[in-house]
Amino acid sequence: MRVLAPKQFRSVISSGYHPIVMPAKVASVGADPDFTAWMAQVTGNLGTVNSGSQTIANTLIAGFKTDGTRTKIKQFWFGLGDFPAMPCCLWADLGSAILTNHNFVSGDWVETGSSGGLTGNAGNKYLDSGLSAAALTANSTSFGIYVHDSTTSFQTMGAEDGAGIPNTLEIHAPDTDSKMRSDQYDAFGGRATSPSTLSAPFALMLATRDSSSTHSMYQRGTLLTTSAGATGITLPAFNLFYFCTNQNGTPQSFSGQRLSCGLIGSGLSATDVSNIYTRIQAAQTSLTRNV
Amino acid sequence: MAITFAQAQNALQNPLAFSGLTAQQQADVVTLLKNGVQGFSAPQRAFFANCWFTPTQAQIDAMNALLPPQTRLSARPIGGVLYLCSDILTDCMTVGSTYHAVLPILKDVPMQFSTVVADDVAAKQAAAIAARNLG
């Protein structure tokens, strides 16, 4: 009996041939439950992840658990595998287990190597986390992306509502002046801005608010700045987007950047951020797409 | 006869529907679009990055009804016209590819070279930067 992998199945499904579809081979010894759940999403989305990348995923999940950061990150997207596997989150306590792909094509995605990542078009391509910022806890939030390239033209991601001074959870990573900015939760009074320009490529850029008066911003696990920020602002009730910002329900400010990872969670300490960067950077290095 | 980049460039100065091309030309356009993502010179990539479908909202809705919920087509509205990136075609032609289900509709949607989106991106960024600087 011939057994086909899901991708092979897709290619012959219209031919009249009737194969038996087997799930992708999944590492079973020592596999973390989050890993197993992720692989189920991958298989369900007709994706394929090779054994090397599966090991990287399992190691990454285990590392977060060892560090105590797993429960603080509510949705963790780390692109692995082929294009159908790419939008599957390693875990999602909140939001979608599979990021909703708007207009990306397989040619936009490279899993490994120096050109690794998913490349936006600055026009209409984005990923929807399915996670409303309002589902997070005020004064305990974090939002981060891993940036592979050096594109600097107003890369804004996240969500904001209303007009005037909106309620916002966004990251500008980086801005046109090569500085990084974060808005948690109002765009102007609570903004954190890096004190100097940043060097490209940017790698992990992460902002977090871990109290009503502490809003911190990090690049490569290193603190850039801390802002007291404004308080009494609510979280926007809109899904956070990657590759653009969700402006009152409409995607705006599209990015042409190349990303491979995004995380949304609760407030993080400096030690948490350092640990998260170390784990992510190790995984990126294993995929030879680290910057 | 296969079409060249120059011929495709010339043809796309005016709206055309994919269904109006011969099978060979359709295959060539898809190849050109794929190469537009990877492998072409910078001016050629820029050209194809500026090729857009202009569907109606009804066509967008009809295509999304054919896609799984985790895959969406969403066009950029500018001046009452919707713009959808043309490289969608590269994942349309093979059974099982991401957007294959929408090909029966997409093939009749006009496609054209236009810098309208690029111009809009630049204008929106300038406005956003201005707003940021006011804060």
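In the block above lies the structure referred to throughout.
Structural notes, computed from the coordinates. (Residues numbered from 1 in each chain as written. Chains lettered and ligands numbered in written order. Predicted model: local features only at pLDDT ≥ 70, side-chain atom pairs only at ≥ 80, totals over all residues. Heavy atoms only, no water.)

## Re the overall build of chain B
For the record, the criterion: Each helix is a run of DSSP H or I of at least 4 residues and each strand a run of E of at least 2, with the numbering of both proceeding from the N terminus. Only protein chains enter the accessibility calculation, which uses a 1.4 Å probe; a residue whose area is less than 20% of its type maximum is buried, one above 50% is exposed, and one in between is partly exposed. Computed with a 1.4 Å probe, the accessible areas rest on the Shrake-Rupley method; for each residue, only the protein chains presented here act as cover.
Scanning chain B for helices and strands turns up 6 helices and 6 strands. Traced from its N-terminal end to its C-terminal end, chain B shows the element sequence α-β-α-α-β-α-β-β-β-α-β-α. Burial status across chain B gives 43% buried among its 135 residues. Counting every atom, chain B has about 6300 Å² of accessible surface; 59% of that belongs to carbon and sulfur.

## Some points on unusual backbone geometry
Residue and element names in this part refer to chain A. Of the consecutive residues Ala-173 and Pro-174, the connecting peptide bond is found in the cis state with omega at -5°. Of note, the bond from Ala-200 into Pro-201 is cis; its omega dihedral lies within 30 degrees of zero at -5°. Take Pro-201: it is sitting in the loop between strand E13 (191-193) and strand E14 (203-211). Of note in the backbone geometry, Phe-243 takes a positive phi value of approximately 80° without being a glycine. As for its placement among the helices and strands, Phe-243 is situated in the loop between strand E17 (239-242) and strand E18 (245-247). With a phi close to 50°, Thr-288 is a non-glycine residue in the positive phi region. Inspection of the secondary structure puts Thr-288 in the segment after helix H4 (270-286).

## Brief notes about the sheet that holds strand E1 (residues 16-17) of chain B
What counts here: Only when DSSP finds a minimum of two bridges between them are two strands counted as paired.
Ordered in space as E1-E6-E2-E5-E4 (chain B), the 5 strands form an open sheet in which the pairing is antiparallel. Lying at the two open borders of the sheet, with one neighbouring strand each, are E1 and strand E4 (76-78) of chain B.

## Let's talk about the pairing of strand E5 (residues 81-85) of chain B
Residues and elements named next belong to chain B. Counted residue by residue, E5 has 4 buried out of 5 residues, so it is predominantly covered. In the sheet, strand E2 (residues 51-53) pairs with E5 via 2 bridges, with the strands oriented antiparallel. Note on E5: the bridge partner recorded for Phe-53 is Leu-84. As paired strands, E4 and E5 are joined by 3 bridges and run antiparallel to one another. Counted as the bridge partner of Arg-76 is Tyr-83 from E5. Taking the residues that link successive antiparallel strands as the turn, the E4-E5 hairpin has 2 residues, and the phi of Gly-79 there is positive, at about 60°.

## Topic: the sheet that holds strand E12 (residues 181-186) of chain A
Residues and elements named next belong to chain A. Selection criterion: The angle between two axes is taken between their N-to-C directions and runs from 0 to 180 degrees, where each axis is a line fitted to C-alpha atoms and a helix contributes only its stretch in contact.
The strand order across the open sheet built from 6 strands is E13-E12-E11-E10-E18-E19, with neighbouring strands paired in mixed fashion. Among the strands making up the open sheet, the edge pair consists of E13 and strand E19 (250-252). Pairs of neighbouring strands in the sheet enclose a mean axial angle of 20°, with direction left out of account. Here strand E11 (residues 167-172) runs beside E12; their pairing, made up of 6 bridges, is antiparallel. Along E12, the bridge assignment pairs Thr-168 with Tyr-185.

In short, the description is geometric, and any link to function would need to be established separately.
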